[in-house]
Amino acid sequence: MTEAADKPMKDRVLVEVTVPAPADLVWEALRDPPKIKQWFGWETDSLDDEIDYIFVANAVADEANRVVSFPGVNDRYEIEAVGDGACMVRVVRSAPADTDWDNVFDGMIEGWISFTWQLAFAFARHPGQARRTLFFSGPPHADQLGRSLLGLDAAPAKGEPWSMPLGPDADASGQVWFTARHQIGVTVDGWGDGLLVVLDSPVNNKRPRGSTMITLTTYGQSDAELAELKARWQSWWDERFDTVAPGCD
């Protein structure tokens, strides 16, 4: 056995969100690939394969307790009914008890945070509706990351109204959907009540200027509206960032 395997393990909740939908309905959204596709990740040619790999081929489902485990990374989704047609959705990681969580940046953890809040958004604001997404990822040209460039590093608290002072949609407004240490999600009225998630990865040896991931989730946009939105954000992005596929480091 390795030294890590010998260490005592302890569960830690990575993200916990109340979803205004029955537990059985949310459970289906964790087990049915077409439904997973409406909240997990973002539109890409590989999304179907990623969903199959993560949620089908490498997941263990405990239907009686509504728990989906991912043994290779010691993570699991838990769904707990909390009454009034709502449920609690959480992602839990089993890790060595002495893990220094205050100094950890883990791309997989950040992904769970983003996607779980996207799941809650889909159920709370757009149940049964198809989403369209845009995605950008890469390091900045200068030492300034996405939240700062969009004026979101000083956004109000969760649930408060907000407006975007900078960026390609500087007149956008909505509500702060969630905040986390490395990311923020805000609703955007002008995108058919959409969602903007901005995740900044800190500086390290691999990323000497850090890195940013931005996901735009839209609803009810025509092809022309989505193309216009993409052109605006692509132009803004290309002036400030290189484009590099994300990793899980």
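Each remark here, short or long, concerns the structure printed above.
Conventions used here
Note on numbering: residues in each chain are counted from 1, in written sequence order. Note on the predicted model: pLDDT of at least 70 is required for a residue's local features to be given, and 80 or more for side-chain atom pairs to be given and counted; whole-chain, interface and lining totals, by contrast, use all residues. To obtain the side-chain values, all non-hydrogen atoms of the structure were used and water was disregarded. The distinction between a cavity and a pocket rests on a 1 Å grid over the protein atoms alone: a 1.4 Å probe fits inside a cavity but cannot get out, while a pocket stays open yet meets protein on both sides within 12 Å along at least five of seven lines, and a residue with an atom within 4 Å of a point counts as lining. Grid points are joined across faces, edges and corners, and a volume is the space filled by probe spheres set on the points. To qualify as a helix, a DSSP run of H or I must reach at least 4 residues; to qualify as a strand, a run of E must reach at least 2; elements of each kind are numbered from the N terminus. Residue type decides the class: Asp, Glu, Lys and Arg count as charged, Ala, Val, Leu, Ile, Met, Phe, Trp, Tyr, Cys and Pro as nonpolar, and the leftover types, Gly among them, as polar. The rule is simple: take the accessible area with a 1.4 Å probe, protein chains only, and divide by the maximum for that residue type; under 20% is buried, over 50% is exposed, in between is partly exposed. For this quantity, the arc is that covered by the directions from the helix axis to the C-beta atoms. Here, two residues are considered to be in contact whenever any of their heavy atoms come within 4.5 Å of each other. Any two strands between which DSSP finds at least two bridges are classified as paired. Interaxial angle, 0 to 180 degrees, is taken between N-to-C directions of lines fitted to C-alpha atoms, where a helix line uses only the stretch in contact. One speaks of a salt bridge when a side-chain nitrogen belonging to Lys or Arg is within 4 Å of a carboxyl oxygen belonging to Asp or Glu. Whenever two N or O atoms come within 3.5 Å, that pair is a polar contact, provided that in protein one can donate a hydrogen and the other can accept it, and provided that, for residues adjacent in sequence, both atoms are side-chain atoms.

Student: Sorry, what's going on with empty space enclosed by the protein here?
Tutor: To find the voids left in a structure, one rolls a probe of water-molecule size over its atoms. Summed over all chains, the structure comprises 1 cavity of 30 Å³ or more. Estimated volume of the largest cavity: approximately 40 Å³. In terms of lining, the largest cavity is formed by Q38, W39, Q118, F121, A122, R131, L195, T217 and Y219. The element best represented in the lining of the largest cavity is helix 5 (residues 107-125), accounting for 3 residues. In the lining of the largest cavity, the residues fall into 5 nonpolar, 3 polar and 1 charged.

Student: What am I meant to see in helix 4 (residues 47-57) here?
Tutor: Working note: α-helix, 3.6 residues per turn, so residues spaced by three or four point in the same direction. Three or more residues of helix 4 are buried, namely L47, I51 and F55. Down the axis of helix 4, the smallest arc covering the buried residues is 30°, so these residues share one side. Structural note: helix 4 exposes D49, Y53 and A57 on the side pointing more than 90 degrees away from its buried face. As for helix 4, its buried residues are in contact with helix 2 (23-31), helix 3 (33-36), strand 3 (67-70), strand 4 (75-83) and helix 5.

Student: Explanation requested: the sheet that holds strand 3 in the structure shown.
Tutor: Strand pairing in a sheet takes place through backbone hydrogen bonds and is either antiparallel or parallel in direction. Pairing is antiparallel in the open sheet, where 5 strands are placed in the order 1-5-4-3-2. Whereas interior strands pair on both sides, the edge strands pair on one side only; in this sheet they are strand 1 (9-19) and strand 2 (60-62). Averaged over all adjacent pairs, the angle separating strand axes in this sheet is 20°, with direction ignored. The sheet contacts of helix 5 involve strand 1, strand 3, strand 4 and strand 5 (86-96), and relative to strand 1 the element is tilted by about 25°.

Student: For this particular structure, what's the right way to read the sheet that holds strand 8 (residues 173-179)?
Tutor: Read across the open sheet, the 6 strands follow the order 6-11-10-9-8-7; overall the sheet is antiparallel. At either margin of the open sheet sits one strand with a lone partner, and together these are strand 6 (132-138) and strand 7 (161-163). Taken pair by pair, the neighbouring strands of this sheet meet at an average axis angle of 25°, ignoring direction. As paired elements, strand 8 and strand 9 (residues 183-188) share 3 bridges and run antiparallel to each other. Bridged to T179 within strand 9 is I184. Its contacts with the sheet put helix 5 on strand 8, strand 9, strand 10 (194-201) and strand 11 (211-218), and the angle it makes with strand 8 is roughly 130°. Along the sheet, helix 7 (residues 223-240) makes contact with strand 6, strand 10 and strand 11, crossing strand 6 at roughly 10°.

Student: I would appreciate a short explanation of the pattern of salt bridges in the present structure.
Tutor: Tallied over the entire structure, the rule returns 17 salt bridges. Between D48 and K37 there is a salt bridge; the shortest N-O distance is 3.1 Å. Pair noted here: D48 is in helix 4 and K37 is in the loop between helix 3 and helix 4, with a separation of 11 residues, a long-range link. D48 gets classed as partly exposed once you look at its relative accessible area, which sits at 46%. For the salt bridge of D75 with R93, the shortest nitrogen-to-oxygen distance reads 2.6 Å. Taken together, the residues span a long stretch of sequence, with D75 in strand 4 and R93 in strand 5 at a distance of 18 residues. The residues D75 and R93 share a single accessibility class, namely buried. A single salt-bridge network, built from bridges that share partners, covers D11, E16, R76, E78, E80 and R90.

Student: What is the right way to read the side chain of D75 from this model?
Tutor: The buried category is assigned to D75, whose relative accessible area is 2%. A polar side-chain atom of D75 sits 2.6 Å from a polar atom in the side chain of R93. In this structure the side chain of D75 is engaged in a polar contact, spanning 2.8 Å, whose partner is the side chain of W112. Apart from the residues within four sequence positions on either side, D75 is in contact with L14, V68, S69, F70, V92, R93, M108 and W112.

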